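Structure at a glance
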Amino acid sequence: MVFRPAQKILPSEITPKSVYLNRRTLLAGSAGAAIGSIMPSVAHSAGENTRVLQKLETRPSEYSNEDLEPTAKEYITSYNNFYEFGTGKEDPARNAHTLTVKPWSIKIDGLVNKPGEYAYEDLVPAVQEDRIYRFRCVEAWSMVVPWVGFQLSEILDKVEPLGSAKYVAFETLVRPEEMPGQSGLFQALEWPYVEGLRLDEAMHPLTLMATGLYGEELPNQNGAPIRLVVPWKYGFKSIKSIVRITLTEQEPPTSWNIAAPREYGFYSNVNPRVDHPRWSQASERIIGGGLFAKRKPTLRFNGYEEEVGDLYAGMDLTKFY
Ligand SMILES: Nc1nc2c(c(=O)[nH]1)N[C@H]1C(S)=C(S)[C@@H](COP(=O)(O)O)O[C@H]1N2
Ligand SMILES: [Mo]
């Protein structure tokens with residue numbers, strides 16, 4: 001069993017706020033010098049993102065990897081992929097403060113009994129769960145993130161998928177006035193950023209809608225106010241700042257598959273045995289592990305094989321990459 005029983009202590013209580021909020025604490029020691037030199041962006045993120053992140057009401061979860069040490073908040077919030085704000089790892093933390101995240105609503109349509117424009121407040125439960133998950137990017141780096149969220153299945157149960165629904169499609173906001181990566185000459189991807197899951201993957205208890213991390217609301221650069229987290233798949237499946245969810249019969253198009261179909265498939269389950277055409281997926285670099293940290297062997301389904309392996313029984317995972 002991967003998961004230990006839920007504990008009473010929440011991750012937000014384990015790490016004192018001063019440790020994860022205050023950059024100076026990290027930079028005080030000699031290790032801080034190295035952090036500063038490889039991650040010059042940290043200085044920007046704290047000062048310029050002025051949105052006050054509310055503390056969230058949470059409860060423990062049996063699906064949390066309580067045995068894993070979360071990556072420091074400094075790294076989770078300053079080393080990001082969010083191409084709507086630029087392609088550099090430090091761009092989202094520097095640029096995303098301009099995004100308006102309140103009010104927020106999600107349009108839910110397609111093959112459901114109860115389509116509509118749902119206000120954020122109508123979808124997000126008052127008390128959410130603390131879930132520590134591994135997070136593995138297709139670029140072969142990884143973190144451990146203490147998310148706050150609730151199961152996507154709660155939303156799907158509410159809108160009642162029709163029997164013909166086989167897939168769930170997701171869309172990120174398009175708002176070039178507030179998203180510098182969506183304006184200008186160079187556009188890294190087609191907008192909106194789109195992603196999708198098979199309905200059974202979407203209904204799986206590990207599939208999370210995250211609204212926070214480290215016990216507080218999501219910083220904009222991490223996909224505020226609400227994003228998907230699918231811990232056994234490469235990070236690009238975990239689409240940020242979601243404004244639309246559509247139930248479909250056909251497999252929906254996905255952004256990275258459109259951009260480079262040979263390199264990024266629809267499934268994108270973490271798989272150390274199927275290399276990316278341009279690099280190995282056998283091991284990963286641990287973000288925040290220090291300059292001389294050893295690479296960690298990558299786990300099948302990112303360590304969640306016991307929970308999700310059955311979803312892919314009989315499938316050739318080299319073909320369905
Ligand atoms: N809308 C949108 N969602 C996105 C991305 C993006 O560029 N735009 N990047 C993806 C990729 S490649 C990764 S690794 C994760 C990064 O999440 P994090 O910045 O919270 O670590 O977000 C994913 N979701
Ligand atoms: Mo990624």
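Note that this is a predicted model, so its numbers are computed, not measured. (Residues numbered from 1 in each chain as written. Chains lettered and ligands numbered in written order. Predicted model: local features only at pLDDT ≥ 70, side-chain atom pairs only at ≥ 80, totals over all residues. Heavy atoms only, no water.)

What about the overall build of the chain?
Threshold: What counts as a helix is a DSSP run of H or I of at least four residues, what counts as a strand is a run of E of at least two, and both are numbered from the N terminus. Burial classification: accessible surface area is computed with a 1.4 Å probe over protein chains only, and a residue below 20% of its type maximum counts as buried, one above 50% as exposed, and the rest as partly exposed. The contact rule is simple, with two residues in contact once any of their heavy atoms fall within 4.5 Å.
In terms of regular secondary structure, the chain is built from 12 helices and 13 strands. Scored against the burial criterion, the 321 residues of the chain give a buried share of 55%. In the chain, the proportion of contacts linking residues at least 24 apart, taken out of those at least 6 apart, comes to 75%.

Concerning the pairing of strand S11 (residues 242-248)
The following threshold applies: Should DSSP find at least two bridges between two strands, the strands are taken to pair.
Along S11, 6 of the 7 residues are buried, which leaves the element largely enclosed by surrounding structure. The sheet contact formed by strand S2 (residues 105-110) and S11 spans 4 bridges and is parallel. What sits directly across from Gly-110, in S11, is Leu-247. One ladder, built from 6 bridges, connects strand S6 (residues 167-172) with S11; its direction is antiparallel. Across the sheet, the residue bridging to Val-168 is Leu-247, located in S11.

A closer look at the sheet that holds S2
What counts, and what does not: Axis lines are fitted to C-alpha atoms, over the contacting stretch for helices. Their N-to-C directions set the angle, which ranges from 0 to 180 degrees.
The strand order across the open sheet built from 5 strands is S3-S2-S11-S6-S7, with neighbouring strands paired in mixed fashion. Strands with a single pairing partner mark the edges of an open sheet, and in this sheet they are strand S3 (116-119) and strand S7 (194-198). For this sheet, the mean inter-axis angle between neighbouring strands, taken without regard to orientation, is 20 degrees.

Here we look at the nonpolar core
To keep it simple, the criterion reads: The term nonpolar core refers to a set of buried residues drawn from Ala, Val, Leu, Ile, Met, Phe, Trp, Tyr and Cys, joined through side-chain atoms within 4.5 Å.
Grouped together as the largest cluster of nonpolar side chains are 75 residues, with contacts concentrated most on Trp-147, Leu-152, Phe-170, Met-209, Leu-228, Trp-232 and Ile-245. The leading source of residues in this core is strand S5 (residues 141-151), at 5 residues. Contacts of Trp-232, omitting those with residues within four sequence positions, involve Glu-201, His-204, Leu-206, Thr-207, Asn-269, Val-270, Phe-301, Asn-302, Tyr-304, Val-308, Leu-311 and Tyr-312.

As for the side chain of Thr-172
For clarity, the cut-off: In the analysis that follows, any N or O atom pair within 3.5 Å is treated as a polar contact, provided that within protein one partner can donate a hydrogen and the other can accept it, and provided that, for residues neighboring in sequence, both atoms belong to side chains.
Mapping Thr-172 onto the fold places it in strand S6. Residue classification places Thr-172 among the buried positions, given a relative accessible area of 1%. A polar side-chain atom of Thr-172 sits 2.6 Å from the main-chain carbonyl oxygen of Lys-240. Excluding residues that lie within four positions of it along the chain, Thr-172 makes contacts with Phe-82, Glu-84, Pro-192, Tyr-193, Ile-239, Lys-240, Ser-241, Ile-242 and Val-243.

Some thoughts on the environment of Tyr-63
Mapped onto the secondary structure, Tyr-63 falls in the loop between strand S1 (58-59) and helix H6 (73-76). Measuring from C-alpha to C-alpha, the distance between Tyr-63 and Ile-132 comes to 8.2 Å, with 69 residues separating the pair along the chain.

Side note on the site of ligand 1
In plain terms, the rule: It suffices for a single heavy atom of a residue to lie within 4 Å of a molecule or strand for the residue to be listed as near it. In these tables, accessible area is a Shrake-Rupley quantity obtained with a 1.4 Å probe, and a residue counts as shielded only by the protein chains included in the view.
Lining the immediate environment of ligand 1, one finds 16 residues, of which Asn-80, Tyr-83, Glu-84, Thr-172 and Lys-240 sit closest. Within the contact set of ligand 1, an oxygen atom lies 3.0 Å away from a side-chain nitrogen or oxygen of Asn-222. The separation between a nitrogen atom of ligand 1 and a polar main-chain atom of Ser-238 is 2.9 Å. Out of a free accessible area of 540 Å², ligand 1 has 97% covered by protein chains.

Things to note about the environment of Leu-56
Locating Leu-56 in the fold gives a position in the loop between helix H5 (42-48) and S1. In this structure, the C-alpha to C-alpha distance between Leu-56 and Gly-215, residues 159 residues apart in sequence, is 5.7 Å.

As for the confidence of the model for the chain
This is how the line gets drawn: pLDDT measures the predictor's confidence residue by residue and takes values from 0 up to 100.
Residues at a pLDDT of 70 or more form 85% of the chain, whose mean pLDDT is 88. Every residue in residues 1-47 scores below 50 in pLDDT, and together they form 72 contacts with partners more than four places removed in sequence or on other chains.

Some details on helix H9 (residues 152-159)
Side chains that are three or four residues apart share a direction in an α-helix, a result of its 3.6 residues per turn. Using the following cut-off: Think of the arc as the fan of directions from the helix axis to the C-beta atoms.
Listed as buried for H9 are Leu-152, Ser-153, Ile-155, Leu-156 and Val-159. Buried residues along H9 cover an arc of 155 degrees about the axis, so they all sit on one side. In the stretch just after H9, Glu-160 is the one whose phi turns positive, near 60 degrees.

Section: the side chain of Gln-221
Of note, Gln-221 is situated in the loop between strand S9 (216-217) and strand S10 (227-229). For Gln-221, the side chain forms a polar contact with the main-chain oxygen of Thr-77, separated by 2.7 Å.

Digging into the pattern of salt bridges
Just so we agree on the cut-off: Salt bridge, as applied in this entry: a Lys or Arg side-chain nitrogen positioned within 4 Å of an Asp or Glu carboxyl oxygen.
In the structure shown here, the tally under the stated rule is 19 salt bridges. A salt bridge links Glu-217 to Arg-51; the shortest N-O distance between them is 3.9 Å. Of the two residues, Glu-217 is situated in strand S9 and Arg-51 in the loop between H5 and S1; the sequence distance between them amounts to 166 residues. The class for Glu-217 is buried, based on a relative accessible area of 10%. The partner of Glu-171 in a salt bridge is Arg-244, and the shortest N-O contact between them spans 3.4 Å. Within this pair, whereas Glu-171 is found in strand S6, its partner Arg-244 is found in strand S11, the two being separated by 73 residues in sequence. Judged by its relative accessible area of 27%, Arg-244 is partly exposed. Here the residues in one salt-bridge network are Arg-51, Lys-102 and Glu-217, joined through shared partners.

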